[in-house]
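A structural walkthrough
Take a look at the letters that make up each chain.
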Amino acid sequence: MQLTRRNLLLLSTASVAATAMGAFPAFASLTDDEIAKLTGGANLGEGAITLTAPEIAENGNTVPIEVSAPGAIAITLFADGNPVPNVATFNFGPLSASRSASTRIRLAQTQNVVAIAKMEDGSFQKALANVKVTIGGCGG
Amino acid sequence: MAKGVKPRVKVPKTAGAGDTITIKTLISHKMESGQRKDDDGNIIPRSIINRFTADFNGQNVIDVTLEPAISTNPFFEFEAVVPESGEFTFTWYDDDGSVYDESKKIEVS
């Protein structure tokens, strides 16, 4: 192909389109992607994990969250409306008593907080809580 | 190095053998998320504590990976089993390579 101005324009449009296409699916469900990365696409059970979060958080800068999953070796938290969905991972050691933990997190806007617990038998459990946020917490 | 970092830990002084105790920890740290902008519109670089661990006599209790979504002054509350007298050690790992630690003794009767 001869490198004329027209060809060059065509080329650049094509490459821009390709980049946009590549970025799109990840943008659609960042949290689902992260969860799939964690679980390897395994089925998510429900019931063996408890996620306690306030229904309404006046200040998104510090939202108290509590997770508990008896028999879990690790619990990972996600916030699906944050610029980065990952929040924290708790790995429980042999001296951990109740496989539960509380912390305080930032939420940018009203959204779902998702907790995924990895159980001792290798299965995964999921819990979800919707938190209404009146003042966002990720700056801007 | 982040300024004014001060770990605070609350552990009961005594417990019965095999008891479950509740531990509360808080470390003062600004936890800059890397999402905020300064007055000139430049993004303030991320500066957070990325890992926290608690051990008792060399055995692990909890090991937490922290992301920028953890709030300022990271707080954790969790439960531990104490089989014998000993010492809890708590360690926080900063993005800039600093390591902060704190230890608490507990008497088990």
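What comes next is a walk through the structure. (Residues numbered from 1 in each chain as written. Chains lettered and ligands numbered in written order. Predicted model: local features only at pLDDT ≥ 70, side-chain atom pairs only at ≥ 80, totals over all residues. Heavy atoms only, no water.)

**Side note on helix α2 (residues 30-39) of chain A**
All names here are of chain A. Three or more residues of α2 are buried, namely Thr-31, Ile-35 and Thr-39. Each buried residue of α2 lies within a common arc of 60° when the element is viewed along its axis, so the set occupies one face. Those residues of α2 that are buried are in contact with β1 (44-45), β5 (72-79), β8 (111-119) and β9 (124-135). Directly beyond the C-terminal end of α2, a positive phi value near 70° is found at Gly-40. (Buried < 20%, exposed > 50% of the residue type's maximum accessible area, 1.4 Å probe, protein only. Helix = DSSP H or I, 4+ residues; strand = E, 2+ residues; numbered from the N terminus. Arc of directions from axis to C-beta. Contact = heavy atoms within 4.5 Å.)

**Section: the packing of aromatic side chains**
Residues and elements named next belong to chain B. Going through the model one piece at a time under the given rule, you end up with six aromatic pairs over all chains. Centroid distance Phe-52 to Phe-76: 5.3 Å. Interplanar angle 5°. Geometry classified as stacked. Residue Phe-52 is located in strand β4 (residues 49-56), and its partner Phe-76 is located in strand β6 (residues 75-82); the two are separated by 24 residues in the primary sequence. Judged by relative accessible area, Phe-52 falls into the buried class, the value being 0%. (Phe/Tyr/Trp six-rings, centres within 6.5 Å; stacked < 30°, edge-to-face > 60°.)

**What to know about the pairing of strand β6 (residues 86-92) of chain A**
Burial within β6 of chain A is extensive, with six of its seven residues counted as buried. Pairing of β5 of chain A with β6 of chain A, which is carried by five bridges, proceeds in the antiparallel orientation. Its bridge partner lying in β6 of chain A, Phe-78 of chain A is registered against Asn-86 of chain A. Hairpin connection from β5 of chain A to β6 of chain A: six residues lie between these consecutive antiparallel strands. Across five bridges, β6 of chain A lies against strand β5 (residues 59-66) of chain B in antiparallel orientation. Bridging across to β5 of chain B, Ala-88 of chain A finds its partner in Leu-66 of chain B. (Pairing = 2+ DSSP bridges.)

Note that all results are geometric; they support no functional claim without further evidence.
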